[in-house]
Structure formats: C-alpha cells, structure tokens
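# Per-entry structural report
One-letter residues, chain by chain:
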Amino acid sequence: MPERISTVLERPRPPQSSRPGAIGLPLGLLKTARPRQWVKNVLVVAAPAAAGELFSRHAAVQLALVFALFTAAASAVYLINDARDADADRAHPTKCRRPVAAGQVPVPVAYAVGGLLAVLAPAAAAVLCTPLTAALLAAYVCMQLAYCVSLKHVLVVDLTIVTTGFLMRAMIGGIALDIPLSRWFLITTGFGALFMVSAKRYSEAVQMSAGSGKLGATRALLTEYTTGYLRFVWQLAAGVAVLAYCLWAMEAGGSTTSGSLLPWRQLSMTAFILAILRYAVFADRGTAGEPEDVVLRDRALAVIGLVWLAMYGLAVANW
C-alpha cells in the first residue's frame, strides 16, 4: 500500500492547457514595452502645440501616427534592453519581476520582436510621414541601441543619450508637420529633460548609498558618479531651463497689443518656475524616479502643470 501511494504521489501531473501561455506571452511582451512610459511620447505634440498647429485634421492624424511609431521604436529598445540585461535584472529586487527576467518572455523572442519593431518603425515613417521623420526615428533607434550595448557605461555620455531621447520626442512632431523649431524651445526642452534625467540618477545614487550598493548590480555606472556631481548637474540644468523659458516668454509675449487679454506667455513663467521648484523637492530628497511617476503621483505638481498648460494654451490661442 505505501508503495502504491508513493507511486501515485510521484506520478507527473497532466500538462496544463496552452491557453494561459498563449495569453501570457503577448501580455509579457506588452508589459516589457513599458505602457506606463508611453506617456513620454506625448512630447511629440510639443512643437506643434508651441506653434498653435494642433487643430487641423491633418495635424491630428500625423501626430497620432508619429506617436504610434515612436512608441513602437521605444518599445523595440525596451525589449532588446531587457533581453540583454536579463541576467542582471534577476539580481535586482524589483527588476527581477520583469517578464524577460522572470522567464515569461523568452530572451530570443524579446530580441526577435524588438528587432522587428526597430526595423518597421522607421520604414513605416518613411512611407507614411516625411523622410526627415524617418531619419530622426532611425537615428533614435540606433542611438538607443548603442546606449544599450555600450554607451550606458560611459560617464556623462549616458546622461546625454537619455536627454537626447526626450529632445527627439519633442522635435519629431514639428519635423513631421514641417514646423520650424524655435531655438528657445529646443534649449528649454533639452535642459528640462537633462534636469529630470540627472535628478533620477541622483535619486538612484542616493538610494544605492542607503541600500549598501544593491542598485549597482544593474546600473554599475552609478558607482562612478558622486552624488555631489549629479546634484550639480540637475541644479545647472534646472537653472538653464528656467532662463531659456523666461527669455523665450519675454521675447514672444512681451505685450498685450496683439489682442490677447493678458500677457499669458509671461505669466506662464510663474507656473513653469513653480513646477521646476516642486520637482526639485523630490530630486533633493532623492525620490525623483521615473519622470512620469513623479508628475502623475504628486497632485500639487499635476495642478501646477495644468495651470501652466492653460496659460500656454491661452497664449497660443491669443486670448
């Protein structure tokens, strides 16, 4: 009798239905594509919004298309990056839950889907948008893949690459619609992005110091930066972004003679500076993680952002 019981207990279980796996793989790929970070791609409307070119059907269609293509390109980079970093992510307390690191998405599948998206996104842009849009998207993919392979291990260059990615998002909408890009727009966007990127790195460095170097397992370059240096970078970037925005606002909205009720561009400087100062609170505390998380989770910062958006919209509408 004991032998029979042992035989029953050791008998292998029948194979489970393949349906959960068939669902799990697409869900894992979707999760690896970082849907929460797609909000970054809303920056594609920045240049057309600054020029007041959002309200035509052609602009809406083109921007929706550019948003989708940039999302596909960014997803390709995330997939390839997670495939490359699978071993390191398994040693991380939170990144070990990523689908590729957890085994939900096989590494070869992540490489294949990422490579396919990396090729198709610029190719579709060449057919459906302008050649310059396709070139910018291809440059983004190549730059980010180079970052994944080696450039993320180069001091300062890693900050520059991530910042440039934000700047490209802000540029591509204007390029797709043949809108001239203001120098002040580019300076404000570039240094604003550098501010958020360096604030995130600073927060990671602070947390790494407090956690006995656990984060260094997946972002080894953090051990090469000092918290003092990263603090200097985000403070410098914040100052330049504020200065550039104020110069732009003073140059473009210096009077009310054009028919607007109030100098909305000048007034928007207040909201912009308050937003920078509010974000700097989290940077100073070492809690500035992903930019979209900081903006969406802090109610005060979200309200300030909406006030700025309203003022900016009134300035563009010339009310």
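Rules used in this analysis
Residues numbered from 1 in each chain as written. Predicted model: local features only at pLDDT ≥ 70, side-chain atom pairs only at ≥ 80, totals over all residues. Heavy atoms only, no water. Helix = DSSP H or I, 4+ residues; strand = E, 2+ residues; numbered from the N terminus. Buried < 20%, exposed > 50% of the residue type's maximum accessible area, 1.4 Å probe, protein only. Polar contact = N/O pair within 3.5 Å; in protein donor to acceptor, adjacent residues only side chain to side chain. Core = buried A, V, L, I, M, F, W, Y, C linked by side-chain atoms within 4.5 Å. Contact = heavy atoms within 4.5 Å. Salt bridge = Lys/Arg side-chain N within 4 Å of Asp/Glu carboxyl O. Phe/Tyr/Trp six-rings, centres within 6.5 Å; stacked < 30°, edge-to-face > 60°.

## So, the environment of glutamine 207
Within the fold, glutamine 207 resides in helix α10 (residues 183-210). Overall, the relative accessible area of 41% leaves glutamine 207 in the partly exposed class. Distance from glutamine 207 to threonine 287, taken between C-alpha atoms, is 8.3 Å for residues 80 residues apart in sequence. Within the structure, the side chain of glutamine 207 is placed 3.0 Å from the backbone oxygen of glycine 286, a separation counted as a polar contact.

## Some thoughts on the nonpolar core
Core analysis: the biggest nonpolar cluster contains 36 residues, and Leu159, Phe195, Trp234 and Tyr279 have the highest contact counts within it. At the level of secondary structure, the elements contributing two or more residues to this core comprise α9 (157-176), α10, α11 (227-252), α12 (264-285) and α14 (299-317). Ranked by residue count, the leading element in this core is α11, at 11 residues. Non-local contacts of phenylalanine 195, meaning those with residues more than four positions away in its chain, are made with Trp234, Ala237, Ala238, Ile276, Tyr279 and Ala280. If you look at the next biggest cluster of nonpolar residues, it comprises 27 residues, including Ala72, Tyr140, Met143 and Met168.

## Focus: the pattern of salt bridges
Pairing between side chains of opposite charge can happen when their charged atoms approach one another. Summed over all chains, the structure comprises 12 salt bridges. As a salt-bridge pair, glutamate 290 and lysine 200 come within 2.7 Å of each other at their nearest N and O atoms. Here glutamate 290, found in the loop between α12 and α13 (291-297), pairs with lysine 200, found in helix α10; they are 90 residues apart in sequence, far enough to count as distant. This pair shows no difference in class: glutamate 290 is buried, exactly as lysine 200 is. Across the salt bridge formed by aspartate 298 and arginine 278, the nearest N and O atoms sit 2.8 Å from each other. Of the two residues, aspartate 298 sits in the loop between α13 and α14 while arginine 278 sits in helix α12, which places them 20 residues apart along the sequence. What makes aspartate 298 buried here is its relative accessible area of 11%. Ionic contacts of the salt-bridge type, sharing partners, join the residues Arg34, Asp82, Asp89 and Arg98 into one network.

## Points about the packing of aromatic side chains
One pass over the full model with this rule turns up nine aromatic pairs. Here the aromatic rings of phenylalanine 195 and tryptophan 234 are separated by 6.1 Å at their centres, their planes lie at 55 degrees, and the arrangement is tilted. Placement of the pair is phenylalanine 195 in helix α10 and tryptophan 234 in helix α11, with a sequence separation of 39 residues. Residue phenylalanine 195 shares its accessibility class with tryptophan 234, and that shared class is buried. Each ring, one from tryptophan 248 and one from tyrosine 312, has its centre 5.6 Å from the other, and the planes form 20 degrees; the classification is stacked. With tryptophan 248 in helix α11 and tyrosine 312 in helix α14, this pair connects stretches of sequence that are 64 residues apart. Residue classification places tryptophan 248 among the buried positions, given a relative accessible area of 13%. Overall, the relative accessible area of 10% leaves tyrosine 312 in the buried class. In textbook terms, an aromatic cluster arises when at least three aromatic residues are bridged by ring pairs, as seen for Tyr245, Trp248, Phe272, Trp308 and Tyr312.

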